[in-house]
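Each chain, written out:
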Amino acid sequence: MAFQILLNFIIAITWMLLQDDYSFITFFIGYLLGIIILFALRRFFPRRFYLYNIAAVIKLMFIFLKELVLANIAVLKIVLSPKLKMKPGIFAFETELEKDWEITILSNLITLTPGTFVIDISDDNKTLYIHSVDIANVEQARKDIKSSFEKAIKEVSR
């Protein structure tokens, strides 16, 4: 991905030099021209077209923001309720992620979401132990993490 971005910048700078105009508009036109060229030549690169990864990162950020808002609302409901009806607990989450940075990002996203905290990761990096403030249904929590965060991280990394 970094090679494609660098190549796109080189195409944009070359376009500026050929036009003999060093304005932002000329650079932007050259950058768009570079995107078109790289998209046309994408089959010659070992990795997928880099704009797909950028879109996947943006999608992951929006998923995190949505989960952050929903978790804050859920924690606020718990805090403001007159009776504490929460069911705290620890559960194990089996992950399909393989790389260390993928597991780190997943752990951080879970921990940054209010009401959840990754306590430990197993030695083989396949199981995350998660504490939740209110865990009524463990299977639903596993399914939610797998369908949101883990799926989005896979889209970014693969």
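Above this text you will find the structure in question.
Read on for a plain summary of the structure. (Residues numbered from 1 in each chain as written. Predicted model: local features only at pLDDT ≥ 70, side-chain atom pairs only at ≥ 80, totals over all residues. Heavy atoms only, no water.)

## Some words on the nonpolar core
Then comes step 1: Ranked by size, the top nonpolar core spans 21 residues in total, and within it Leu106, Ile110, Leu128 and Ile130 carry the most contacts.
Then comes step 2: Sorting the residues of this core by element identifies α3 (50–80), β1 (89–94), α4 (100–112), β3 (127–132) and α5 (138–157) as the ones contributing at least two each.
Then comes step 3: Of the residues forming this core, the biggest block, six residues, is contributed by α5.
Then comes step 4: In contact with Leu106, not counting residues within four places along its chain, are Phe93, Thr95, Leu97, Leu128, Ile145, Phe149, Glu150 and Ile153.
Then comes step 5: Membership of the second largest hydrophobic core comes to nine residues, among which are Ala12, Phe27, Tyr31 and Phe45. (Core = buried A, V, L, I, M, F, W, Y, C linked by side-chain atoms within 4.5 Å. Buried < 20%, exposed > 50% of the residue type's maximum accessible area, 1.4 Å probe, protein only. Helix = DSSP H or I, 4+ residues; strand = E, 2+ residues; numbered from the N terminus. Contact = heavy atoms within 4.5 Å.)

## So, the side chain of Glu150
Then comes step 1: Examined against the element boundaries, Glu150 turns out to sit in helix α5.
Then comes step 2: Dropping the residues within four chain positions of it, Glu150 is found in contact with Phe93, Glu94, Thr95, Glu96, Leu97, Leu106 and Ile145.

## Points about the layout of surface pockets
Then comes step 1: Of the volumes computed, that of the largest pocket is approximately 590 Å³.
Then comes step 2: Lining the largest pocket are 24 residues, and of these Glu67, Thr116, Ser132, Asp134 and Asp144 lie nearest its centre.
Then comes step 3: For the lining of the largest pocket, the residue count by class is 14 nonpolar, seven polar and three charged. (1 Å grid on protein atoms, 1.4 Å probe; cavity = no way out; pocket = protein on both sides within 12 Å on 5 of 7 lines; lining within 4 Å. Points joined across faces, edges and corners; volume = space filled by probe spheres on them. Nonpolar A, V, L, I, M, F, W, Y, C, P; charged D, E, K, R; others polar.)

## Here's the deal with the packing of aromatic side chains
Then comes step 1: Per the stated rule, a full pass over the model turns up nine aromatic pairs.
Then comes step 2: Measuring from ring centre to ring centre gives 5.3 Å for Phe39 and Phe49, while their planes differ by 70°; the resulting arrangement is edge-to-face. Residue Phe39 is located in helix α2 (residues 24–40), and its partner Phe49 is located in the loop between α2 and α3; the two are separated by ten residues in the primary sequence.
Then comes step 3: Within the aromatic cluster, the residues linked to one another by ring pairs are Phe39, Phe49, Tyr50 and Tyr52.
Then comes step 4: The ring of Phe39 has Arg42 sitting right over it, with the charged end atom 4.0 Å from the ring centre. (Phe/Tyr/Trp six-rings, centres within 6.5 Å; stacked < 30°, edge-to-face > 60°. Lys NZ or Arg CZ within 6 Å of the ring centre and 35° of its normal.)

## Looking at a nonpolar patch on the surface
Then comes step 1: Among the surface-exposed residues, Met1, Leu51, Ile54, Val57, Ile58, Met61, Phe62 and Leu65 lie close enough to one another that they form a single nonpolar patch of about 680 Å² accessible area.
Then comes step 2: Looking at the secondary structure, you find Ile58 in helix α3.
Then comes step 3: Relative accessible area serves as the criterion here: at 38%, Ile58 is assigned to the partly exposed category. (Patch = residues over 30% accessible without salt bridge, like charges linked within 9 Å, V, L, I, M, F, W, Y side chains within 5 Å. Areas by Shrake-Rupley, 256 points an atom, 1.4 Å probe, with all protein chains shown as cover. Salt bridge = Lys/Arg side-chain N within 4 Å of Asp/Glu carboxyl O.)

## Brief notes about the pairing of β1
Then comes step 1: The alternating pattern of β1 places Gly89, Phe91 and Phe93 on a buried face and Ile90, Ala92 and Glu94 on a face that is not buried.
Then comes step 2: Note: β1 against β3, six bridges, orientation antiparallel. Across the sheet, Glu94 pairs through a bridge with Thr127, a residue of β3. (Pairing = 2+ DSSP bridges.)

## Comments concerning the pattern of salt bridges
Then comes step 1: Under the definition given, this model contains six salt bridges.
Then comes step 2: Note that Lys146 and Glu96 form a salt bridge whose closest N and O atoms lie 3.8 Å from each other. Of the two residues, Lys146 is situated in helix α5 and Glu96 in the loop between β1 and α4; the sequence distance between them amounts to 50 residues.
Then comes step 3: Glu139 is the partner of Arg142 in a salt bridge, and the nearest nitrogen-oxygen pair spans 2.5 Å. Of this pair, Arg142 and Glu139 both sit in helix α5, three residues apart, roughly one helical turn.

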